Amino acid sequence: MVNKVNQMTITKDTIRKISNLAKISIADQEVEKLESEISSIIRWVEALNEVDTENVDPMSNSLTGGLRMREDLVTDGNKVSDILSNSPVDDENFFVVPKVIE
Amino acid sequence: MIDLVSSDLVSIRNSLQNKEFTAVELLSEYIERITKSSKLNLFNTTNFENALKAAKESDQKIIRGEARSLEGVPIGVKDLFCTAGVRTTASSKILENFVPAYESTITQKLYDQGMILLGKLSNDEFAMGSSNETSSSGPAVNPWKSCSSDKELVPGGSSGGSSGAVAASLCPFATATDTGGSIRQPAAFTGTVGLKPTYGRCSRWGIVAFASSLDQAGPITKTVADSALALKYMAGYDEKDSTSADVGVEDYQQFVGQSIKGMTVGVPKEYEELDLEDDIKLNWHDAINWYKSAGAEIVSISLPHSKYALPAYYIIAPAEASSNLARYDGVKYGTRITGDDLDDLYKNTRGLGFGAEVKRRILIGTYVLSAGYYDAYYLKAQKVRRLIHSDFVEAFKKVDVIMTPTTPTTAFGIGENLSDPLKMYSNDILTVPVNLAGLPAISIPSGLDSQGLPMGIQIITNHFNEGKLFQFGSIVEKSRSSITNQSEWWL
Amino acid sequence: MNDINTTSEVRHTIEGQGGEWEIIIGLEIHAQVTSESKLFSGSSAAFGGTPMSHVSLVDAAMPGMLPVINKHCVRQAVKTGLGLKAKINSYSVFDRKNYFYPDLPQGYQISQFKYPIVGEGEVKVSLKNGEDIIVRIERLHLEQDAGKSFHDVDPENSYIDLNRSGVALMEIVTMPDLRSAEEAKSFVTKLRTILRYLETCDGNMEEGSLRADINVSVRRPGDSLGTRCEIKNVNSIRFIGMAIEYEAQRQVNEIENGREIIQETRLFDVSTGETRSMRSKEEAHDYRYFPDPDLLPLNLEEGFIKEITHELPELPDNKKERLIKSYGLNSYDADILVSDKNYAEYFESVANGRDPKISVNWITGELFSALNKLNLDIQDSPVSSNQLGELIDLISDGTLSGRLAKDVFEIMLETKKNPKLIVEEKDLSQITDESSIEKIVNKIIESNFDKVAEAREKPKLIGWFVGQVMKESQGKANPATVNDLVKKKIGI
Ligand SMILES: [Mg+2]
Ligand SMILES: [Zn+2]
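Residues numbered from 1 in each chain as written. Chains lettered and ligands numbered in written order. Predicted model: local features only at pLDDT ≥ 70, side-chain atom pairs only at ≥ 80, totals over all residues. Heavy atoms only, no water.

**Topic: the confidence of the model for chain A**
Reading fine detail from the predicted coordinates is not recommended where pLDDT is low. Averaged over chain A, the pLDDT score is 92; the fraction of residues at 70 or greater is 91%. The low-confidence segment residues 1–5 of chain A, where pLDDT is below 50, has 9 contacts with residues more than four positions distant or belonging to other chains. (pLDDT = per-residue confidence, 0-100. Contact = heavy atoms within 4.5 Å.)

This is how it looks when you write it as structure tokens:
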């Protein structure tokens, strides 16, 4: 059996929605270009729908054997200057950002 | 005067240890050559001052008989490896002033053997690209030119700075990373040897991540023997990387030149159908004969799902990248571009800090993971990934290695493929399946095409069997015709 | 979310204008795992510290940094799962939950979405009315805590400290089985007790070690579930009760006034006792969960789980049952004693070879009120369990009357001395010798002869005579003997 997904069309709205999710500003004139580029890429990857993947387990890594665990020891920290050395704005050891409104 | 062009990693290492020249002399030659080669635009950052200090120390060690395995040998490092105190940009505007306080595991291991950092090599921004044109510092340039045209060619990508620097003899060995072909394709485009080890073979700690389940570091060198030597010191278990495999590292040089008599080489029949340049096809058939002559049996194999590797890759890699690159938000480090509020800060920083290709891939990755599309795209691609992996597992029950061309074309002109992402992506058609399956593979220069441009043969083998790559790789190296770059036009 | 509670019986309702309403509550508890270091890095998980001091390169999401999981945190999650009588999943997966927030340095939280480490379990909760309810646990998963934002340091800016970033949390999710603020409070109290028994979370709510997200909806009894609102990050048991009561009433008012409940995230405002909509968070969330490619699936071996099973302490329910059975305690007393394992431990030490009822009365009476006044935990009690036991022995063997014992107890609290020593030093032992007591009784009667006749009329006055005798003996006379003698002398 071949899985067939609904044709999903990418609109300018889709581009705005995902750029908002990804926190990337997109100029209005860019939206159209991205719409066509991403549409064609997405159409192209939909070739995967030809493949029968029923009863196939997804594979997220080629390594097998499971996760290795470390011992519960404090081996790190106390490197405030390393943490802050590339910071755009900091004060009193805090990172500073424009006010977050909750 | 040291002949850098005809030197390789092994010969330089030996000359230093035999005190034929000093590390300082060698370094000075490299610095001079690098300085003269600025047209190639291969270095993002140079490290000459520190390097000189280190070279002096290396010379002391050599004199005292305390030389380590690669004492005093200069190295170029892809600008994706974090280097303590040395700017690390991933060739992105968003990290243009980032100076890590830490050293990647791999570069540290190489320093521990006495290697000296020459500088940081250009790459496609965040390793996303196949031409090294997406770097924020502008395109890197291939030292090779076609015999019929004067146009500048791409050195391949994303490790174009690394491949270009080794090809131009600006360093005997450069580190690189390969997510979908980013070591092998540039190696093929520049007549160098590019090795992508098994996923988990080399630590990813301290390497700017692109797609974590696919990224793997490896060396670009001039010869197979150099590659074997380099891997020995790059490879190894790292407890700081949960995906680093605790599998013993061998002395890989022993495999170089070892007989392959009675062993089997698989040739995937599906790849015959691919749209490959004629010269590349011919070269591939030549290679089949080289292996026959060397006593190997050629076996036709089938990798039925390989043709789905590219689409699967262009879902999985952007998905992982969209998440991996979320940390570049202008809060903790890197470029910050403010606006009216925090949301503006995020969007401006990322909108202006990332280049077009990176943004495109982040958006694709965001899309395929978003609610309603995850199953249709991401999950589907991960299932196809398993089928691709299983194809290889089946094949390696029958053959020792699989041999294919590395790329469908030789190096193309700068700007030629930029406007068509899909055409650009198709460059990786022969290399991407290997990353999805986590396998090791090597690209060996296998001759020049009718334009005088280098071609590469890719050899793939089973997980953690890198030795066979060197064993089979040296056959290509021995059998091919000369691939010397006749003109040093950029100097 | 699974469907409504299996028990469709209506346990509790609130009154609206147009009749009764039932409240449906489910909780997501974030419990900080007790550990030395963080879930995926080697920096300290300790509370406090100067800003950024408990931060590694991993916690700050520096380029190229990678997570490595803390085995102890995994053990703690499994242990907690076992304590919640839950299914332990030998296969679980860490996912990334993607969103942007300044206190989330990676731009994603490593959590578990599809395959949590612990599956379904249950907690028995004893309510104040003496009834027990079962609250079903849907799952427990491990995840990272975020850093901390300070919004009130500066008018223009928020300040971010990453000391909390990456600390291990267990998110414990209940089924919507709770029906009142009281039930929710009792559940959280019980859960906290279990976590403390297990030593997997210190339950310190002031330090944020235990926080609740509360899902509240209302419905007419018998109706299907209404639209729910989620109240985020409530960090005290009292506030959990207040938030639920306010929110339920708000929803009833909305519906009764013809408005619809909008599914949203709300914030409990401690200063007003009200919940309010978090408008800034209303923008549609799409967390794009996917397996973290830096981590492989977590496979737990049977031996690992078995080893943890063997380490499990006696849990409150079992302890309660045992206390009732071996000491003959009533359910009420047993509940008090098991609510803190240190209470139970103290009790068992006191009751060893002594009357359990007298022991429990002394502990929950005199001792608790003294500790309460002194603001001390039982572990820091100035009166040790051995000392209290010795005091009870002095009552049993007649050395001290109940009243004297209380005096001695007061001195013990102040001096930490053993009761026997106090009795000796202050010559406090009870006078039981009848002839000595008789002398005092005679003396009192002689000097109050006028009242004797009166007492014969009004026998209540006997008490006055007894009191005078006790006073004269400095409280040492055995009150029963005094009583008998007074009656005899006066002739009643
Ligand atoms: Mg939650
Ligand atoms: Zn949570």
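More follows now that the structure is in view.
**Things to note about the interface of chain B and chain A**
Between chain B and chain A, the residue contacts involve 68 residues of the former and 52 residues of the latter. Residues Arg 360 of chain B and Glu 37 of chain A are paired through a salt bridge, measuring 2.8 Å at the closest nitrogen-oxygen approach. Between the two partners, chain B and chain A, sit 19 residue pairs in polar contact (both at pLDDT 80 or more). Of all the elements in the fold, those that place two or more residues in the side of chain B that touches chain A are helix H9 (309–324), helix H10 (342–353), helix H11 (356–369), helix H12 (375–395), helix H13 (421–425) and helix H14 (432–437) of chain B. The element contributing the most residues to the side of chain B that touches chain A is H12 of chain B, with 12 residues. Its residues placed into classes, the side of chain B that touches chain A shows 36 nonpolar, 17 polar and 15 charged. (Salt bridge = Lys/Arg side-chain N within 4 Å of Asp/Glu carboxyl O. Polar contact = N/O pair within 3.5 Å; in protein donor to acceptor, adjacent residues only side chain to side chain. Helix = DSSP H or I, 4+ residues; strand = E, 2+ residues; numbered from the N terminus. Nonpolar A, V, L, I, M, F, W, Y, C, P; charged D, E, K, R; others polar.)

**Observations regarding unusual backbone geometry**
For the bond from Gly 157 of chain B to Ser 158 of chain B, the omega torsion is 5°, close enough to zero to count as cis. Even without a glycine there, the phi angle at Glu 92 of chain A is positive, about 50°. For Glu 92 of chain A, the location among the structural elements is in the loop between strand S2 (90–91) and strand S3 (94–98). Accessibility expressed as a relative area gives 62% for Glu 92 of chain A, which makes it exposed. Even without a glycine there, the phi angle at Gln 474 of chain C is positive, about 55°. Relative to the elements of secondary structure, Gln 474 of chain C occurs in the loop between helix H14 (462–472) and helix H15 (479–490). (Buried < 20%, exposed > 50% of the residue type's maximum accessible area, 1.4 Å probe, protein only.)

**Details of the domain arrangement of chain C**
Taken as a whole, chain C is organised into domain 1 (22–308), domain 2 (314–426) and domain 3 (434–490). Between the C-alpha centres of domain 1 of chain C and domain 3 of chain C the distance comes to 66 Å. (Domains from an automatic or database assignment.)

**Regarding the interface of chain A and chain C**
The partner chain C presents 53 residues to the 38 residues of chain A that form the contact. Between chain A and chain C, roughly 3,900 Å² of surface is buried when both sides are summed, and carbon and sulfur atoms account for 61% of that area. Put simply, chain A and chain C have 0 salt bridges between them. For the interface between chain A and chain C, the tally reads 22 residue pairs in polar contact (both at pLDDT 80 or more). Elements supplying a minimum of two residues to the side of chain A that touches chain C: helix H1 (12–21), strand S1 (69–70), helix H3 (80–84) and S3 of chain A. Broken down by element, the side of chain A that touches chain C gets its largest block of residues, 5 residues, from S3 of chain A. Its residues assigned to classes, the side of chain A that touches chain C shows 17 nonpolar, 9 polar and 12 charged. As paired elements, S3 of chain A and strand S10 (residues 157–161) of chain C share 4 bridges and run antiparallel to each other. (Buried area = accessible area lost by both parts, 1.4 Å probe. Pairing = 2+ DSSP bridges.)

**Things to note about the coordination of the zinc ion (ligand 2)**
Reference geometry at the metal: tetrahedral coordination by four donors gives ideal angles of 109.5 degrees; octahedral coordination by six donors gives 90 or 180 degrees. Residue and element names in this part refer to chain C. With distances of 2.0 to 2.1 Å, the protein atoms coordinating the zinc ion (ligand 2) are His 30 (NE2), Glu 143 (OE) and Glu 171 (OE). Each donor residue of the zinc ion (ligand 2) lies on the same chain, and together they follow the pattern H-x112-E-x27-E. We classify Glu 143 as buried; its relative accessible area is 3%. (Donors = N, O, S within 2.8 Å, 3.2 Å for Na, K, Ca; no water.)

**Here's the deal with the nonpolar core**
Across soluble globular proteins, you tend to see nonpolar side chains buried next to one another. Counting 199 residues, the largest nonpolar core has Phe 126, Tyr 291 and Ile 459 of chain B as its most contacted members. Each residue touching Ile 459 of chain B, except ones within four places of it in the same chain, is listed here: Tyr 291, Val 401, Ile 402, Pro 440, Ala 441, Ile 442, Ile 444, Leu 469, Phe 472, Gly 473 and Val 476 of chain B. Residues Val 118, Val 125, Ala 184 and Tyr 197 of chain C belong to the second largest nonpolar core, which totals 108 residues. (Core = buried A, V, L, I, M, F, W, Y, C linked by side-chain atoms within 4.5 Å.)

**Remarks on the sheet that holds strand S3 (residues 116–121) of chain B**
Residues and elements named next belong to chain B. What the 11 strands build is an open sheet, ordered S1-S3-S2-S4-S6-S5-S10-S11-S9-S7-S8; its pairing is mixed. Looking at strand neighbours, the two that pair on one side only are strand S1 (43–46) and strand S8 (297–301), the edges of this open sheet. Each strand axis lies, on average, 30° off the axis of its neighbour in the sheet, ignoring direction. Examined bridge by bridge, strand S10 (residues 441–448) and strand S11 (residues 454–461) share 7 bridges and lie antiparallel to one another. Directly across from Ala 441, in S11, lies its bridge partner Ile 460. (Axes fitted to C-alpha atoms, helices over the stretch in contact; angles between N-to-C directions.)

**Notes on the environment of Gly 65 of chain B**
Residues and elements named next belong to chain B. With respect to the helices and strands, Gly 65 occurs in the loop between helix H3 (48–63) and strand S2 (74–78). For Gly 65, a relative accessible area of 65% corresponds to the exposed category. When the C-alpha atoms of Gly 65 and Gln 17 are compared, they prove to be 9.0 Å apart, with 48 residues separating the residues in sequence.

**Things to note about the packing of aromatic side chains**
The full count for this structure, using the stated rule, is 32 aromatic pairs over all chains. Residues Tyr 252 of chain B and Phe 470 of chain B carry aromatic rings whose centres are separated by 5.8 Å and whose planes lie at 55° to one another, so their mutual orientation is tilted. Of this pair, Tyr 252 of chain B sits in the loop between helix H7 (224–234) and strand S7 (264–268) while Phe 470 of chain B sits in helix H15 (residues 466–479), and the two are 218 residues apart along the sequence. Both residues of the pair, Tyr 252 of chain B and Phe 470 of chain B, count as buried. Aromatic side chains Phe 40 of chain C and Phe 94 of chain C sit 5.5 Å apart centroid to centroid with 85° between the ring planes, which places their arrangement in the edge-to-face category. (Phe/Tyr/Trp six-rings, centres within 6.5 Å; stacked < 30°, edge-to-face > 60°.)

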